[in-house]
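Fold and contact review
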Amino acid sequence: MSNQFRDHLGRPVVAVTGMGVITSLGQGLEDNWAALTGGRSGIHDITRFPVNELSTRIAGTVDFIDLPVANSVERSYAMARETTLEALTQAGLSGDFNGPLFLAAPPVEPEWSARFELADRAGPAQEPGDAYDRFLAAMRERPDPAFHEAVLFGSISERLADRFGTRGLPVTLSTACASGATAIQLGVEAIRQGRTERALTVATDGSVSAESLIRFALLSALSTQNDPPEKASKPFTKDRDGFVIAEGAATLVLESLESAIARGAKVYGIVKGCGEKADSFHRTRSSPDGGPAIATIRAALEDAGVGEDAIGYINAHGTSTPENDKMEYGAMLSVFGERLKSIPVSSNKSMIGHTLTAAGAVEAVFSLQTILTGTLPPTINYQNPDPSIELDVVPNVKRAQQVSAVLSNSFGFGGQNASLVLAAEPR
Amino acid sequence: MAKSENDVVITGIGLVSSLGVGREAHEALILGDSAPAPIVETERFAPYPVHPLPVIDWSQQIPKRGDQRQMENWQRLGVFAAGLALDDAGFKDDAEACASMDMIVAAGGGERDINVDSMIVDEALKRNDREALLNQKLTTELRPTLFLAQLSNLLAGNISIVHKVTGSSRTFMGEEGAGVSAVETAAARIRAGQSTHALVGGAFIAERLDIILMVEAIKGHQTGAWSPIWAREKDHGGGMIMGSVGAFLILESRAHAEARGARIYATIETVEGDRGNRAEGRLEKRLERMVEGAKPELVMSGTTGFHDLAAREKAFFEAKFPEAAIRGFGGLIGHSVEAQFTAGIGLAAMALGAAKPVAPFDKDHEKAMTKPAATALVTTIGHQRGEGIALLAANA
């Protein structure tokens, strides 16, 4: 039996019935979309910590959320909570959510302030390299359950699960810069398995700190074009020199189309297909031939049951690193061939920077909004195109154009690749 | 239970613990008449005992020195154990199978550089511009590659690089629950026909001051000497002794395994995780729901050794399944957080696959088995949160 509720493989069609988003551009889908289509950048000078002696002094941090304590875990949780509240309101759901939670969250470590505090409590060194022995002595004197909780990777999903009444054991995941897309993929799989009618997929990253910034800087991954900050992220241009680290969060309420329609929910779009393929080439670099990225895009199209010609717009990973943009272009060219020139491809990261763990979900929300509004967000800072990358990047200014299906790419360290095909509600 | 094509079967076990390297070494030790004495290191991290890594010839599974150098112990142990599981399942040299194999890794974070951290906090004690100091020192002292050796998803990344497992790569986090979700997710995908073969597991290094510190923050460690896991006393700390463990499994659909003539150790009948407040019997209520319908002869318990949790778990299973033999494997190899659940499943699958009784790990608190188990429950009750239970059946 073929009906509107089953896809080409007879699986339940998965609808998006609620969305919420926070980036450096602001809180909420409406504000973000206005800024994004207005070509505004959220990248700014870092004020969270001193940047003296750092080669990168800019970021897309989120500094406007109230926190009980200013640390990565609290910030990541608070953003996830806010975007989830927005998404559930949009979905018209209140009370216990009663479906599984899939959370993409950053791997966190103790804050340096916590180490300094322990060192103060513990007293001076007896010999070089003995700080942890002293920390342990201090902990034996006075245990600190808050320290323990703050370094557990399960602590954010725990709070979200309690707050929103999700069902079962939540999954907290990290597939580096593809995490947000992976969270959505897990939600889609759960609904297709018939395990649940709905899933809460959340991705959050509030982990910008001196150490996280320095770690990426040591790998030469970050832009050092600090002045002016809003011009630093320039995907697909000749002058691109790295990504701009950023924060953000997004929540998508996924629901079987059948259950969404049955309860009279508004359908914002469909997650039509998900693809993934790991890369075995190198820890930080992609296969030079783009093989795994190509396979990922093809897998997403195949899972969606559509051909290359169905894609009307691509929300690129587009980090603005020399290597990613080149590899991504090659992969897209290989899949779409000559037609690629006529497919608009833009990078949200030109404005919001790279929201790392959250990026895949943030950009999925923007992809759906692109379909809903018939407006393509631009790639800003596109002044000096890279001649070896022949793309219609929707340069600098938004464009009115109706699209019915979008490809959204996410690629990350550790050989992580995930792509999503997002589409308009079937009519 | 009637067999079906999409049954989830275990066809590979890769286990490294203080007891030794590999499935066969562990089988020889736990399926005999009496279990071996645990191997415990009490000096190096005194007053905290740990079950240390055994001697490992890394090059057996990670042939390139360059690859070994790119990883810290935690990733190296995981990649090594993953290689053992692939070998055990007969997939090691099957490039095609590895290229289409799904992978879910339960990961924590990597080791801190203790010397760099010490240098920074020592210098900071003398200064009042600590943040500026941090920038200076981190910029000059951090090894660029350390970031990757610490990054959670790089255990999976290194498995892709070393073993060429590239069908998919997902990393779950969240302590014990990550291991539970990894198995639960892989099994659900296989059952639904979304996946045919998957590598699932995790690794944990106990011999790390930063990890020891984390648990000391809640006074979780047993201190001083080892004692049997069901009888640890409050005078000697919190009851947990951590152990360095790498534990990976190959899960396959029955159809996929049978088509290639693979050896099937056991079937995963059900696997589920849950969480929530544990007070006032709510933990037991969730366990009750998760074991519904099970009639196990063996309960392979992943108890942490935390006094209250261990006592409650033992009381629950003794009341629920009075005939079943309980084995607290944490007493033998230590608690391994993210790797705990897959380690327990591996041990139970060994017993079911070999059709042999499991020797008591603790003679005073665990009864002998008179015949092999046909079904076994595997439990992991997280040290802070999260619970998981798998029901395994022999492949009769």
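Residues numbered from 1 in each chain as written. Chains lettered and ligands numbered in written order. Predicted model: local features only at pLDDT ≥ 70, side-chain atom pairs only at ≥ 80, totals over all residues.

Things to note about the overall build of chain B
- Helix and strand counts for chain B stand at 15 helices and 11 strands.
- A compact globule built from 396 residues would reach a C-alpha radius of gyration of about 21 Å, and chain B, at 21 Å, matches this within 12%.
- Viewed in the frame of its principal axes, chain B has a C-alpha envelope of about 70 × 55 × 35 Å.
- The buried share of chain B, taken over its 396 residues, is 61%. (Helix = DSSP H or I, 4+ residues; strand = E, 2+ residues; numbered from the N terminus. Rg over C-alpha atoms; globule rule 2.2 N^0.38 Å. Buried ≥ 20, exposed ≤ 12 C-beta atoms within 10 Å, placed from the backbone.)

Brief notes about the overall build of chain A
- Within chain A one finds 13 helices and 15 strands.
- Whereas a compact globule of 427 residues would reach a radius of gyration of roughly 22 Å, chain A reaches 21 Å, a difference of no more than 12%.
- Overall, the C-alpha framework of chain A stretches about 70 × 50 × 40 Å when taken along its three principal axes.
- Per-residue burial for chain A yields a buried fraction of 63% across its 427 residues.
- When contacts within chain A are restricted to residue pairs at least 6 apart in sequence, those whose partners lie at least 24 apart make up 78%. (Contact = placed C-beta atoms within 7 Å.)

Side note on unusual backbone geometry
- Of note, the bond from A:Asp227 into A:Pro228 is cis; its omega dihedral lies within 30 degrees of zero at -5 degrees.
- Looking along the chain, the bond that leaves B:Ala46 and enters B:Pro47 is cis, with omega of 10 degrees.
- When you line up the elements, B:Pro47 lands in the loop between α1 (23–30) and α2 (65–69).
- Despite not being glycine, B:Lys164 has its phi angle at roughly 65 degrees, a positive value.
- Here B:Lys164 lies in the loop between α8 (154–163) and β4 (170–173).
- You can call B:Lys164 partly exposed: it has 17 C-beta atoms within 10 Å.
- Not every positive phi belongs to a glycine, and B:Glu280 is a case in point at roughly 50 degrees.
- By secondary structure assignment, the location of B:Glu280 is in the loop between β7 (266–274) and α12 (282–290).
- Looking at B:Glu280, the number of C-beta atoms within 10 Å reads 8, which means it is exposed.

Observations concerning the interface of chain B and chain A
- Between chain B and chain A, the residue contacts involve 65 residues of the former and 65 residues of the latter.
- For the side of chain B that touches chain A, the secondary structure elements donating two or more residues are α5 (114–124), α6 (130–141), α7 (144–150), α8, β4, α9 (175–191), α10 (209–216) and β7 of chain B.
- Per-element accounting of the side of chain B that touches chain A gives the leading share, eight residues, to α6(B).
- Taken together, the residues that form the side of chain B that touches chain A break down as 26 nonpolar, 25 polar and 14 charged.
- Here two bridges tie strand β6 (residues 171–173) of chain A to β4(B), and the two strands are oriented antiparallel to one another. The residue bridging A:Thr172 from the neighbouring strand is B:Met173, located in β4(B). (Nonpolar A, V, L, I, M, F, W, Y, C, P; charged D, E, K, R; others polar. Pairing = 2+ DSSP bridges.)

Overview of the packing of helix α4 (residues 131–141) of chain A against α10(B)
- Between α4(A) and α10(B), the shortest axis-to-axis distance is 10 Å and the interhelical angle comes to 10 degrees. One way to sum up the angle between α4(A) and α10(B) is to call them roughly parallel. Of the residues in α10(B), those in contact with A:Tyr132, A:Phe135, A:Leu136, A:Met139 and A:Arg140 of α4(A) are B:Leu209, B:Asp210, B:Ile212, B:Leu213 and B:Glu216.
- Partitioning the contact of α4(A) with α10(B) into residue classes produces seven nonpolar, no polar and three charged. (Axes fitted to C-alpha atoms, helices over the stretch in contact; angles between N-to-C directions. Parallel < 35°, antiparallel > 145°, perpendicular 65-115°, else oblique.)

A closer look at the domain arrangement of chain A
- Partitioning chain A into structural domains gives domain 1 (14–109 + 151–422) and domain 2 (112–150).
- In this complex, domain 1 of chain A contributes six residues to the contact, which on the side of domain 2 of chain A involves five residues. (Domains from an automatic or database assignment.)

Considering helix α11 (residues 322–336) of chain A
Residue and element names in this part refer to chain A.
- The end-to-end C-alpha distance of α11 is 21 Å, a good match for the 21 Å that 15 residues give at a rise of 1.5 Å each.
- Of the positions making up α11, those classed as buried are Asn324, Asp325, Met327, Glu328, Tyr329, Ala331, Met332, Val335 and Phe336.
- In this fold, the buried residues of α11 make contact with α10 (291–304), β10 (313–315), β11 (345–346) and β14 (405–412).
- Once α11 finishes, Gly337 follows within two positions and takes phi at roughly 60 degrees, a positive value. (Expected span 1.5 Å × (residues − 1).)

What about the pairing of β7(B)?
Residue and element names in this part refer to chain B.
- Two strands pair when backbone bridges link them, and strand β1 (residues 8–17) and β7 are joined in this way by three bridges, in the antiparallel orientation. Each residue of the ladder has a partner; that of Ile10, found in β7, is Ala266.
- One ladder, built from eight bridges, connects β7 with strand β11 (residues 387–394); its direction is antiparallel. By the bridge assignment, Glu272 is partnered in β11 with Ile389.

Quick notes on the environment of B:Ala107
Residue and element names in this part refer to chain B.
- Of note, Ala107 is situated in the loop between β3 (102–106) and α5.
- A count of 31 C-beta atoms within 10 Å places Ala107 in the buried class.
- For the pair formed by Ala107 and Ala247, sequence separation is 140 residues and the distance between their alpha carbons is 12 Å.
- If we ignore the near neighbours within four places in the chain, the residues touching Ala107 are Ser152, Asn153, Leu155, Thr171, Met173, Ala178, Gly202 and Glu338.

Regarding the domain arrangement of chain B
- Each domain of chain B was delimited in the assignment, giving domain 1 (9–110 + 151–394) and domain 2 (114–146).
- Computed over C-alpha atoms, the centres of domain 1 of chain B and domain 2 of chain B are 36 Å apart.

Some details on the pairing of strand β9 (residues 269–276) of chain A
All names here are of chain A.
- Buried residues dominate β9, accounting for eight of its eight residues.
- Looking at chain direction, strand β1 (residues 14–23) and β9 are connected through two bridges and run antiparallel. Opposite Ala15, over in β9, you have Ile270 as the bridge partner.
- One ladder, built from six bridges, connects β9 with strand β15 (residues 416–423); its direction is antiparallel. Paired with Glu276 across the two strands is Ala418, which belongs to β15.

Section: the packing of helix α3 (residues 73–89) of chain B against α8(B)
Residues and elements named next belong to chain B.
- Where α3 contacts α8, the axes come no closer than 9 Å and their chain directions differ by 50 degrees. Put simply, α3 runs oblique to α8. The hand of the α3/α8 crossing is right-handed. Residue-level inspection shows Gln75, Gly78, Val79, Ala82, Gly83 and Leu86 of α3 in contact with α8, the latter providing Leu154, Leu155, Asn158, Ile159, Val162 and His163. (Left-handed = near helix turned anticlockwise from the far one by under 90°.)

Some words on α10(B)
- Within α10(B), seven of the eight residues are buried, leaving the element largely enclosed by the surrounding structure.
- For α10(B), the complete set of buried residues consists of B:Leu209, B:Ile211, B:Ile212, B:Leu213, B:Met214, B:Val215 and B:Glu216.
- For α10(B), the secondary structure elements touched by its buried residues are α4 and α5 (145–150) of chain A together with α5 of chain B.

Examining the environment of A:Thr61
Residue and element names in this part refer to chain A.
- With respect to the element layout, Thr61 can be found in the loop between β4 (58–59) and α2 (72–91).
- Overall, Thr61 belongs to the buried group, with 25 C-beta atoms counted inside 10 Å.
- Separated by 17 residues in sequence, Thr61 and His44 have C-alpha atoms that sit 7.9 Å apart.
- Sequence-distant contacts of Thr61, defined by excluding residues within four places in its chain, comprise Ser24, Ile46, Arg48, Val208, Ala246 and Glu247.

Things to note about the environment of B:Glu313
- As for its placement among the helices and strands, B:Glu313 is situated in helix α13 (residues 307–320).
- Through-space distance from the C-alpha of B:Glu313 to that of B:Gly238 is 16 Å; in sequence the pair is 75 residues apart.

Brief notes about the confidence of the model for chain B
- Per-residue pLDDT for chain B has a mean of 97; in total, 100% of the residues score no lower than 70.
- Our summary of model confidence lists the complex with pTM equal to 0.98 and ipTM equal to 0.98. (pLDDT = per-residue confidence, 0-100.)

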